[in-house]
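Descriptive structure summary
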Amino acid sequence: MTEKIFELINNAKKILIITHVNPDGDTLGSACTLKSFIGDKADILLQVRREKNFPNTYLFLPYIKEAKTFDDVEDIYDTVICVDVASADRIVERAREIFNSAKVTVNIDHHETNTNFAGYNYVEGGLSSTGEVLYKIFKKENKNITLEMANCLYTSILTDTGCFKYETVTGDTFEIVSNLLKIGVNSADIAQKCYEQKQKAMVLLRAHCVSNVKFECNDRIAYTTVKISDMEKFGAKDEHTEGICEVLRSVKLVEFAIVLKETGTNTIKVSMRSKEKDITPIAKKFGGGGHMRACGCNIKKPLGEAVECILSEVKKYL
């Protein structure tokens, strides 16, 4: 299948690389890696509005500033490659139309819950990141990894492993990282750009959400909400909610951390984290998915009702 991926790339006339909604370091780093490898006939699509939720944290990555958004993308692509997209419902609005109209669709991912929604699927569930999947694809086919590509791959792996602290990290992960450093990656510089240049809006929003945390079941469950009014109050973007769930999970005694974020009228994005238990069964009940200890879903209910729904399921699971 790895050979087929490069055959499809070579035969394509115009390629669109699609990242998932609320793009993070893994989907962006993976997209930039492919763009760097493919060149001019490939464009990246960020499923965002340029003025509303463009991912500024990762502007240091090559090709992000000139990436397409919903504001300017056209239906001119015969081949679409999705990276780090676990299911088709993570492709929304204009992107879904382009995906469905493409002659060739490719899905490259690392989520164990991936639904194999494309014409060609290369999924290694359980690996640390889509960046790690891509690295192995390039190495298996003896493709050269440039320094630019290495920087992108390192960003993918660093961010999706939580700085190498998640259970998906293996000896292979560290061997890959070692090889990327040998190519010339400056790990300290990338870590500083990813984690030590937080915007004021992110800090204020996180402080607000953490201060409003609620606990259930003798502190085994911690949850908080992010309202649209909260986002407006602090001038926050979607990316500024990153990390809130991890803060809640870090509290002693907490086994399950939940963040419920309003994304529209009666539409709630739920992010869940656990310390030990596999929580994907809960996400799947609501049509979501992800990893054993980090997953999410969407609930089409008012915020209060969504809180009750997800808490009910988590309490049953406990």
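How each quantity is defined
- Counting restarts for each chain: residues are numbered from 1 in the order of the written sequence.
- Predicted model: local features are reported for residues with pLDDT of at least 70 only, side-chain atom pairs are reported and counted for 80 or more only, and whole-chain, interface and lining totals are derived from all residues.
- Here the side-chain values reflect all heavy atoms present in the structure, with hydrogen atoms and water set aside.
- To qualify as a helix, a DSSP run of H or I must reach at least 4 residues; to qualify as a strand, a run of E must reach at least 2; elements of each kind are numbered from the N terminus.
- Only protein chains enter the accessibility calculation, which uses a 1.4 Å probe; a residue is then buried when its area is under 20% of its type maximum, exposed when over 50%, and partly exposed in between.
- Two N or O atoms form a polar contact when they lie within 3.5 Å of each other; inside protein one atom must be a possible hydrogen donor and the other a possible acceptor, and for residues adjacent in sequence the pair counts only when both atoms belong to side chains.
- We call a set of buried residues a nonpolar core when its members are Ala, Val, Leu, Ile, Met, Phe, Trp, Tyr or Cys and they connect through side-chain atoms within 4.5 Å of each other.
- Contact between two residues is taken to exist if any of their heavy atoms lie within 4.5 Å; hydrogens are not considered.
- Centre distance within 6.5 Å is the pairing criterion for rings of Phe, Tyr and Trp, where only the six-membered ring of Trp is used; planes under 30 degrees apart are then read as stacked, over 60 as edge-to-face, and the remainder as tilted.

**Details of the side chain of Thr 19**
Its place among the elements puts Thr 19 in the loop between strand 1 (15-18) and helix 2 (25-38). Overall, Thr 19 belongs to the buried group, its relative accessible area being 0%. Here the side chain of Thr 19 touches Leu 45 through a polar contact of 3.2 Å, landing on its backbone oxygen.

**Describing the nonpolar core**
Grouped together as the largest cluster of nonpolar side chains are 47 residues, with contacts concentrated most on Ile 17, Ile 81 and Leu 180. Those residues in contact with Leu 180 that sit more than four places away from it in its chain are Tyr 135, Ala 150, Leu 153, Tyr 154, Ile 157 and Val 185. Residues Ile 221, Ile 258, Cys 297 and Ile 310 belong to the second largest nonpolar core, which totals 20 residues.

**Examining the packing of aromatic side chains**
In the structure shown here, the tally under the stated rule is eight aromatic pairs. Aromatic side chains Phe 99 and Phe 117 sit 5.8 Å apart centroid to centroid with 55° between the ring planes, which places their arrangement in the tilted category. In this pair, Phe 99 sits in helix 3 (residues 93-101) while Phe 117 sits in the loop between strand 4 (104-109) and strand 5 (120-123), placing the two residues 18 residues apart along the sequence. Considered together, Phe 99 and Phe 117 belong to a single accessibility category, that of buried residues. Relative to Phe 164, the ring of Tyr 154 lies with its centre 6.2 Å away and its plane at 55°, an arrangement referred to as tilted. Remark: Phe 164 occurs in the loop between helix 5 (147-160) and helix 6 (171-183) and Tyr 154 occurs in helix 5; sequence separation between them is 10 residues. A residue is classified by how much of its surface remains accessible, and Tyr 154, at 5% relative accessible area, is buried.

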